[in-house]
Amino acid sequence: MPIAVDIDVMLARRKMSVGELAERVGITPANLAVLKNGRAKAVRFATLAALCEVLECQPGDLLRWETENETENEAETEAETEDASNS
């Protein structure tokens, strides 16, 4: 997907767990995981605003646009990394 989600980057910067963020934002850890892993088809502005408030960031810190080629290259790199870790 051309929209990349960088919630994990902000979580690391804030030294916060997915569970803590989900609780403070008011969504389930499962729904946060869907969003964090880039599998969400949409995000409510209210959820985005809550994420930004808790993480003390701007929407652009969490979301960025990528070209299709960048997205494909990223997927290939992830697949190669998984293959190497399973060996």
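Being a predicted model, the structure only gives us computed values, none of them experimental.

## Describing the overall build of the protein chain
Item 1. Across its full length, the protein chain carries six helices and two strands.
Item 2. The secondary structure elements of the protein chain, listed N-terminal to C-terminal, are β-α-α-α-α-α-β-α.
Item 3. A buried classification covers 28% of the 87 residues belonging to the protein chain.
Item 4. A separation threshold of at least 6 residues defines the contact pool for the protein chain, and within that pool the share at least 24 residues apart is 62%.
Item 5. Summing over all exposed atoms, the protein chain offers an accessible surface of approximately 6,100 Å²; the carbon and sulfur share of this is 51%.

## Observations concerning the packing of helix H2 (residues 18–25) against helix H4 (residues 45–55)
Item 1. Across the interface, H2 lies against H4 with an axial gap of 9 Å and an inter-helix angle of 120°. Comparing the axis directions of H2 and H4 gives the class oblique. For the pair H2 and H4, the crossing hand works out as right-handed. Between H2, through Leu21, Arg24 and Val25, and H4, the contact on the second element is made entirely by Thr47, Ala50, Leu51, Val54 and Leu55.

## Structural notes on the environment of Ile7
Item 1. Assignment of secondary structure puts Ile7 in helix H1 (residues 7–14).
Item 2. Measuring from C-alpha to C-alpha, the distance between Ile7 and Cys52 comes to 9.9 Å, with 45 residues separating the pair along the chain.
Item 3. Excluding residues within four positions of it along the chain, Ile7 makes contact with Leu21, Leu32, Leu35, Lys36, Leu51 and Leu62.

## A word on the nonpolar core
Side chains of a nonpolar character, in soluble globular proteins, are inclined to be buried together.
Item 1. In terms of nonpolar packing, the biggest core is built from 19 residues, with Ile7, Leu21, Leu51, Leu55 and Leu62 touching the most fellow members.
Item 2. At the level of elements, H1, H2, helix H3 (29–36) and H4 are the ones that each hand at least two residues to this core.
Item 3. Residue contributions to this core peak at six residues, all from H4.
Item 4. Leave out the neighbours within four places in its chain, and Leu21 touches Ile7, Leu11, Met16, Leu32, Leu51, Val54 and Leu55.

## Section: H1
Item 1. Ile7, Met10 and Leu11 are the residues of H1 that are buried. End-on view of H1: buried residues confined to an arc of 105°, all on one side of the axis. For H1, exposure combined with an orientation more than 90 degrees from the buried face picks out Ala12 and Arg13.
Item 2. Each element contacted by the buried residues of H1 is listed here: strand E1 (3–5), H2, H3, H4 and helix H5 (59–62).
Item 3. Downstream of H1 by a residue or two, Lys15 has a phi angle that is positive, lying close to 50°.

Parameters at a glance
- Residues numbered from 1 in each chain as written.
- Predicted model: local features only at pLDDT ≥ 70, side-chain atom pairs only at ≥ 80, totals over all residues.
- Heavy atoms only, no water.
- Helix = DSSP H or I, 4+ residues; strand = E, 2+ residues; numbered from the N terminus.
- Buried < 20%, exposed > 50% of the residue type's maximum accessible area, 1.4 Å probe, protein only.
- Contact = heavy atoms within 4.5 Å.
- Areas by Shrake-Rupley, 256 points an atom, 1.4 Å probe, with all protein chains shown as cover.
- Axes fitted to C-alpha atoms, helices over the stretch in contact; angles between N-to-C directions.
- Parallel < 35°, antiparallel > 145°, perpendicular 65-115°, else oblique.
- Left-handed = near helix turned anticlockwise from the far one by under 90°.
- Core = buried A, V, L, I, M, F, W, Y, C linked by side-chain atoms within 4.5 Å.
- Arc of directions from axis to C-beta.

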